[in-house]
Amino acid sequence: MPRLRQLQTNFASGELDPLMHFRVDTGAFKNGARRLRNAILYNSGGAGRRPGTRYASTLVGNTRLVPFEFASDERYLLGFSNGRLDVFDTNGILLSSVTTGCNWTTATLFKFTFDQSADTMIVACEDWAPQVILRTGPTTFTVTNFQFATSVNANKVYQPYYKFANDNVTISCSATTGSVTVTASAAAFVAGHVGTYIRWQDVDILITAYTSATVVTGTILGTLVAAYDNNPFRTKHDSAVVEVTHVLHGFTTGATVTISGSNKTGGITEAHLNGARTITVINDNVYTFVAGNNATEGVDGGGPNVQYSGPNVATRNWSEQSFSSVNGYPGAVCFHEGRLWFGGTGGIPDGLWSSVLFQFFNFDADDGSAIDSIQVTIGAGDISNVRHLVSNNDLQIFTATAEFAILAPRGQGLSPTNVTIRKQTPYGCALVRPLPFDGATLFVQASLTAIREYLFAETTQRYASTNLNVLAGHLLSNPYDMAVLYSGAERNEQYAFLQNDDGSVATFYSARSEQLAGWTTWDQGGAGSPQFKDVAVLGEDVFFVSLRGGVYYLEKMGARSDSIDSATTYTSGTAQNNWVLPTRYRSKTVSVLCDNYYLGDFPVDASGNIDVVEDVLNITVGYNYTFTIKTLPVDIDLQTGSTIGLAKRIARVFVGLDSAASLSISGNRLLLRQAADDVETAPDAVTGVYEFRLLGFQKDAFVELTQDEPLPAVVLGMSMEIQF
């Protein structure tokens with residue numbers, strides 16, 4: 001019977017979707033696997049047992065992990081739980097907790113977005129007011145509601161305003177100062193408006209009480225007075241009637257306005273123009289009043305400083321604060337080009353608002369100069385609910401229906417006069433926070449079925465959104481959080497981690513320069529169906545939230561040689577076989593290691609006692625997990641065609657190993673000891689090519705590499721001798 005060899009030099013394409021198992025024509029088939037569980041991919045092409053985790057802290061409940069990097073040597077891990085913030089150091093040790101001012105709940109833990117600048121983090125969610133997390137000391141933080149800056153005299157709140165009512169709805173105030181009755185021409189108010197601000201022309205009014213949908217009580221900050229446009233008056237020769245241009249004024253005939261600041265115009269003196277005047281409405285933009293004397297000529301005038309005021313003066317030019325419990329809060333936030341940006345509220349889902357340049361709490365639009373607040377809407381054909389803002393080379397805007405970008409003119413910073421929002425791709429983004437990765441931005445498609453990279457192409461001058469898991473769609477299960485690792489202490493690979501709702505972590509490896517990319521899945525072992533519940537990266541460290549037996553734990557990914565989860569090491573000055581473990585291990589079965597020697601799995605009684613049989617100076621206890629590499633069906637392309645479907649036998653497998661301390665190939669165990677070895681010491685890990693002989697013919701012949709013992713192993717590749 002003929003024998004041929006098939007070489008698999010790497011596993012860089014990762015685990016492939018079962019629907020790919022017949023695609024022998026693709027390059028991914030040659031470098032992929034049917035199953036890669038708890039495997040980590042390396043730049044070299046090898047696949048190893050993923051590092052285990054070290055126990056760090058016990059959490060109060062379901063927790064979302066967020067990195068906070070104040071400086072390269074001052075990093076913190078923030079743990080958000082129901083109405084609580086826990087602050088951990090880089091080892092996962094609890095430093096302090098905050099239980100006041102925290103708006104988030106369990107229901108919104110994975111809904112909010114955040115961004116950080118220096119000692120300040122802003123947290124945003126449509127369901128509650130933006131929060132400010134401030135580092136106040138080496139181990140202390142505070143949580144407060146975001147407060148917009150105010151003017152020196154406190155008469156203005158520098159926040160965004162927007163008219164949510166119909167354009168033709170007017171409001172009027174019973175006086176020009178102090179506490180007033182505010183009356184709307186149609187239903188415009190609800191009880192939730194109490195405590196919010198409205199703006200009459202350019203004057204802020206704090207609503208203090210609610211009477212009805214058309215009547216509220218408010219306190220005027222300053223005096224109700226508003227400016228006309230430059231030279232608003234037009235006179236007629238030998239007539240006392242003065243025509244006033246006032247776009248969308250909202251006045252009615254018979255209303256009285258008090259005019260001030262006018263210059264002499266058309267021969268009519270200041271005294272005969274300024275003062276209380278009764279108006280006659282001509283149309284929505286023009287009305288007239290009678291001056292104290294006739295004009296000597298017909299001109300446009302009044303000057304640049306003409307103002308009007310008066311009690312019960314109705315105006316269409318009014319607005320509400322953009323962010324409130326009534327109209328919703330922004331769901332997206334980021335720092336970009338010296339500005340703080342918010343995006344997407346319930347009332348203005350496609351809105352974008354930036355702070356004044358380098359004044360993160362000041363959102364004053366003022367006169368629209370280059371440094372002023374930028375306030376725009378996307379204006380797409382469909383409702384583009386802004387979910388995320390990402391500061392990359394451009395300001396990237398991810399909405400529920402499409403992806404956009406603000407492409408500033410080259411050499412210019414963004415300003416109110418040069419903002420242009422352009423739609424780039426049509427996929428839509430999920431609530432999972434997008435992250436920069438390997439020169440692109442990764443985002444989860446709104447359907448939760450695809451991970452895409454948002455990458456700018458110089459050739460087209462547009463962004464493209466490429467599907468990264470087209471070959472491994474089965475590894476995603478409604479992901480709800482993501483983290484990226486740019487390099488580690490021991491390796492320089494890049495990884496993205498997607499937290500799935502089934503308790504697994506889909507892990508993506510990418511090396512764009514070498515055109516390498518592949519997926520694996522990480523899960524946990526041990527009793528009680530343990531699950532990963534969240535993942536975060538802090539510098540070069542990876543942290544997980546694990547759920548075991550109804551208790552949430554913070555765990556830190558260990559070194560490459562660590563091989564069990566939720567591990568803790570205990571030492572003793574004298575060798576012993578009986579050890580007492582803490583509550584988290586009690587009434588459970590744990591795997592026990594000693595100096596990289598697997599002692600076995602042992603039960604822990606209700607008091608924490610464990611007997612490891614041998615007297616040792618130290619033990620590391622934790623939970624084993626299964627490391628599996630299962631190849632795709634072997635196929636050799638003969639002159640007569642493919643061997644897919646033909647009965648064949650993999651007679652021998654030559655496996656390239658690196659620092660492997662335990663491994664089985666299709667049930668054949670790797671032998672590390674010789675007869676003369678000391679059985680009381682740990683065997684040395686092996687590196688090199690090792691031969692395994694297999695039996696049996698199969699139409700779907702494959703090789704499966706597994707581990708019975710929780711010890712390190714790296715598989716570099718394999719050569720299979722096939723008989724058919």
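The rules we used
- Residues numbered from 1 in each chain as written.
- Predicted model: local features only at pLDDT ≥ 70, side-chain atom pairs only at ≥ 80, totals over all residues.
- Heavy atoms only, no water.
- Helix = DSSP H or I, 4+ residues; strand = E, 2+ residues; numbered from the N terminus.
- Rg over C-alpha atoms; globule rule 2.2 N^0.38 Å.
- Buried < 20%, exposed > 50% of the residue type's maximum accessible area, 1.4 Å probe, protein only.
- Areas by Shrake-Rupley, 256 points an atom, 1.4 Å probe, with all protein chains shown as cover.
- Lys, Arg positive; Asp, Glu negative; His and termini not counted.
- Charge placed at Lys NZ, Arg CZ, Asp CG, Glu CD.
- Polar contact = N/O pair within 3.5 Å; in protein donor to acceptor, adjacent residues only side chain to side chain.
- Contact = heavy atoms within 4.5 Å.
- Salt bridge = Lys/Arg side-chain N within 4 Å of Asp/Glu carboxyl O.
- pLDDT = per-residue confidence, 0-100.
- Core = buried A, V, L, I, M, F, W, Y, C linked by side-chain atoms within 4.5 Å.

What about the overall build of the chain?
- Across its full length, the chain carries two helices and 60 strands.
- Computed over the C-alpha atoms, the radius of gyration of the chain is 34 Å, more than 25% above the 27 Å expected from 2.2 N^0.38 for a compact globule of 724 residues.
- C-alpha extents for the chain along the principal axes are approximately 120 × 65 × 40 Å.
- In the chain, which comprises 724 residues, the proportion classed as buried is 54%.
- In the structure as shown, the chain presents an accessible area of about 29,500 Å², 49% of it carried by carbon and sulfur atoms.
- Across the chain, the 48 positively charged side chains and the 67 negatively charged ones have centroids separated by 5 Å.

Structural notes on the side chain of Ser96
- Counting through the fold element by element, Ser96 comes out in strand S11 (residues 94-98).
- A polar contact of 2.7 Å, which involves the side chain of Ser96, links it to the backbone oxygen of Thr139.
- Apart from residues lying up to four places away in sequence, Ser96 is in contact with Leu85, Asp86, Val87, Thr139 and Thr140.

Overview of the pattern of salt bridges
- The final tally for this structure, using the stated rule, is 21 salt bridges.
- Between Lys111 and Asp127 there is a salt bridge, and its shortest N-O distance comes to 2.9 Å. Here Lys111 is found in the loop between S11 and strand S12 (113-117), whereas its partner Asp127 is found in the loop between strand S13 (120-125) and strand S14 (128-135), with 16 residues between them in sequence.
- For Lys111, a relative accessible area of 30% corresponds to the partly exposed category.
- The partly exposed category is assigned to Asp127, whose relative accessible area is 44%.
- Between Arg669 and Glu709 there is a salt bridge whose closest N-O contact spans 2.5 Å. Here Glu709 lies in the loop between strand S59 (704-706) and strand S60 (714-723) and Arg669 lies in strand S57 (residues 668-669), a separation of 40 residues in the sequence.
- Overlapping salt bridges, with partners in common, bring together Arg5, Arg652, Glu691, Arg693 and Glu721 in one network.

As for the environment of Asp601
- Mapped onto the elements of the fold, Asp601 is located in strand S52 (residues 597-603).
- With relative accessibility at 42%, the residue Asp601 sits in the partly exposed group.
- Sequence-wise, Asp601 and Thr106 are 495 residues apart; in three dimensions their C-alpha atoms are separated by 36 Å.
- In contact with Asp601, other than residues within four places in its own chain, are Thr589, Val590 and Ser591.
- For Asp601, the side chain forms a polar contact with the side chain of Tyr598, separated by 2.8 Å.

Focus: the confidence of the model for the chain
- Scored by pLDDT, the chain has a mean of 92; 97% of the residues are at 70 or more.
- Predicted confidence is poor over residues 673-679, with pLDDT under 50, and the contacts of this stretch with residues over four places away or in other chains come to eight contacts.

Brief notes about the nonpolar core
- Ranked by size, the top nonpolar core spans 46 residues in total, and within it Phe11, Phe497, Val655, Leu663, Val703 and Leu705 carry the most contacts.
- Those residues within four positions of Leu663 in sequence are excluded, and the remaining contacts are Phe627, Leu657, Asn668, Arg669, Leu670, Leu705, Thr706, Gln707, Ala713 and Val715.
- Counting residues in hydrophobic clusters, the runner-up holds 37 residues, among them Trp200, Leu224, Tyr228 and Val244.

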